[in-house]
Amino acid sequence: MADYSSPSCVDVSMGSSSDKQCQSLDTRGFSKNVCCGTTTRLDNQNGVVQPLLTDLYQITMAYAYWKNGMCSNYAVFDLFFRKNPFHGEYTVFAGLEECLKFLKSFSYSHSDIEYLKSVFPSTVEQDFFTYLQKLTPKDVTVYAIPEGSVVFPKIPLLRVEGPLPVVQLLETTFLTLVNYASLVATNAARFRIAAGQHIKLLEYGLRRAQGPDGGLSASKYAYMGGFDGTSNVLAGKLYNIPVKGTHAHAFVMSFSSSEDCNMKTLNHRTTGETKNLMAICQKWLSELSQFLHILRDEASSGELAAFVSYATAFPDSFIALIDTYDVIKGGQWTVLLPDVTMQRIRSGLLNFCAVALGLDELGYRALGIRIDSGDLAYLSIIAKETFNKIAQRYDRPWFSSLAVVASNDINEETILSLNEQGHKIDCFGIGTHLVTCQKQPALGCVYKLVEVNKRPCIKLSLDVEKVTIPGRKNAFRLYGQDGHALMDLLQKVEEPAPDSGKRVLCRHPFQESKRAYVLPSKVEPLYKIYWDKGKICEPLPTLQEVREHVRQSLFHLRQDIKRSLNPTPYKVSVSDDLYHFMHNLWLENAPIGELS
């Protein structure tokens, strides 16, 4: 948890010269607070996230508001989404901390103003640019659901209140900070549920992500959603995410024979005596080829040289990518394998086992293997069987616990299929399908005006799903006797909060016949004030704490809501008062047609 000087709001001193002096921009575009005694954890801010990271029409609307004397109009916007992603029935809310960072640093620079002057028509009054340069979000209030919470359609993730031009200017930036973050966190949570809690998940997506910002965001929010580590070194540094990695096929391919291995020796862990690891591994290679009925000559000497070289560099963390040439080879195994898999198996497993036993002689323990192609379920089973045989034959119990890491364009359906095949994989490395969210590339959050100067606003549409729920609202999560969440309830802010143990009438927002009385065993208010009067009003949890909140939030959802195939819809309801209020306003604003 962040170290705050007091439980009260944290003063940000919006736009002050001292605040600006506290900020420096490093070479990667991340703003870092360099003052001593800072009370917030809002470091590592992406320098690209600034007021000009918006759509032009936000600023043109702000000018029209200003021109029309509407700067003091008090507006309320809801940020929400209409449909859960990935054909699922839940979403993980992410991006709140980045929104607060944006508010903290919100200020138009001199160069921003000069640029806007150059792109706006000459008829725009110069006083508007003076207004922009002095603009801060000190009069904005942000209510939000805690980051990492499971959320559902129609429930506002953020309720943003304040002067109309100011809160309008926040729209695009808030949306870009929440949309992708929530999408990746949800995708990661789905991978976690598919894999199960006992399987390690590593994010390998940087090279396939949508640019460097997408890569960093994906690493952060995949970890939040339940992944255990990342290959992204910068993300590890910035967000304190465990970094993991082995080697690529190129490393193995760079060795053609044992002569290419220039570092053949390794000191014994305990005695310090220098031993020839290559010679020890070659001895084990001969021994294992007979025991496993694999021809020694068919094990690639270049691959063995690569493994020995890597093992001497990392004797305590040796993991080998074993499918550069082939994974296994020989005897009855070759006959049993399908034709496609036969092409991908030969020497890798034999060479790895020889090096693992060689390291063991010198007091070190290998960690496992990675397979990046072929029949992953079958090969993982064969690998584990081999490890078990060696563990028993040579009295090396630890050999049975060697890990099998699988990669190769894995998606959620792949994991579910591998589960059905009884795979023996301990860890999945997932890249493209995680970070690009190929199944659904956008969440579709929207930012809609619901009230101006205490006058409720409603957006009407022929598509009922696009009709907004007007006015300022509070949201509550109602729990059943079994501890699972039953439904989320929206109601007007003037209404008293529902009480546990007291019956409440809950209605479908748009279908009159769908209604039910609910007797909640627990009522959870969903909103907290995170920003008010230029101050952060809630201590911000660490990324690790948000990650745990995701796990706990998902735990309280029924399994049938979380399942991948045909999940049960989670109910989002409105109170009886809000239902009638909304529908009366709908009738007042809907035009009456005429037939002739």
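Higher on the page you've got the structure.
Residues numbered from 1 in each chain as written. Predicted model: local features only at pLDDT ≥ 70, side-chain atom pairs only at ≥ 80, totals over all residues. Heavy atoms only, no water.

## Side note on a nonpolar patch on the surface
Here comes step 1: A contiguous nonpolar surface patch, about 300 Å² in accessible area, is contributed by Leu56, Tyr115 and Val119.
Here comes step 2: Tracing the backbone shows tyrosine 115 in helix H4 (residues 110–119). (Patch = residues over 30% accessible without salt bridge, like charges linked within 9 Å, V, L, I, M, F, W, Y side chains within 5 Å. Areas by Shrake-Rupley, 256 points an atom, 1.4 Å probe, with all protein chains shown as cover. Salt bridge = Lys/Arg side-chain N within 4 Å of Asp/Glu carboxyl O. Helix = DSSP H or I, 4+ residues; strand = E, 2+ residues; numbered from the N terminus.)

## Considering the pairing of strand E22 (residues 504–507)
Here comes step 1: Side-chain alternation along E22 places Val504 and Cys506 on one buried face and Leu505 and Arg507 on a second face that is also buried.
Here comes step 2: Where E22 lies against strand E23 (residues 515–518), 4 bridges are found, and the strand directions are antiparallel. Residue arginine 507 lies in a different strand from E23, and its bridge partner there is arginine 515.
Here comes step 3: Inspection of the sheet shows E22 paired to strand E27 (residues 571–575) by 2 bridges, in the antiparallel sense. Bridge pairing in E27 places cysteine 506 opposite serine 575. (Buried < 20%, exposed > 50% of the residue type's maximum accessible area, 1.4 Å probe, protein only. Pairing = 2+ DSSP bridges.)

## Comments concerning the pattern of salt bridges
One side chain can pair with another of opposite charge once the charged atoms of both are near each other.
Here comes step 1: Enumeration over the complete set of coordinates arrives at 28 salt bridges.
Here comes step 2: Measuring nitrogen to oxygen at the nearest pair gives 2.7 Å for the salt bridge that ties aspartate 228 to arginine 192. Taken as a pair, aspartate 228 in the loop between helix H8 (211–225) and strand E11 (229–230) and arginine 192 in helix H7 (residues 171–195) lie far apart in primary sequence, 36 residues in all.

## Some remarks on the sheet that holds strand E16 (residues 403–406)
Here comes step 1: Strand order in this open sheet of 6 strands is E11-E10-E17-E16-E15-E14, and the pairing throughout is parallel. Two strands bound the open sheet, and with one partner strand each, they are E11 and strand E14 (319–321).
Here comes step 2: Here strand E15 (residues 368–371) runs beside E16; their pairing, made up of 4 bridges, is parallel. Residue isoleucine 369 lies in a different strand from E16, and its bridge partner there is valine 404.
Here comes step 3: Packing of helix H16 (residues 376–393) onto the sheet brings it into contact with E15 and E16, and relative to E16 it is tilted by some 165°. (Contact = heavy atoms within 4.5 Å. Axes fitted to C-alpha atoms, helices over the stretch in contact; angles between N-to-C directions.)

## A look at unusual backbone geometry
Here comes step 1: Even without a glycine there, the phi angle at aspartate 409 is positive, about 55°.
Here comes step 2: Among the structural elements, aspartate 409 can be located in the loop between E16 and helix H17 (412–420).
Here comes step 3: A positive phi is found at asparagine 566, a non-glycine position, where the angle reads about 50°.
Here comes step 4: Residue placement: asparagine 566 occurs in the loop between helix H20 (559–562) and E27.

## Focus on the sheet that holds strand E24 (residues 522–525)
Here comes step 1: Here we have 6 strands laid out as an open sheet, ordered E23-E22-E27-E21-E20-E24, and mixed in their pairing. Across the chains shown, the open sheet's two edge strands, defined by having one partner strand only, are E23 and E24. Along the sheet, successive strands turn relative to each other by an average axial angle of 35°, direction set aside.
Here comes step 2: Note: strand E21 (residues 485–492) against E27, 4 bridges, orientation parallel. If you follow methionine 487 over to E27, its bridge partner there is lysine 571.
Here comes step 3: Here helix H21 (residues 576–589) sits on the sheet in contact with strand E20 (473–479), E21, E22 and E27, set at roughly 80° to E27.

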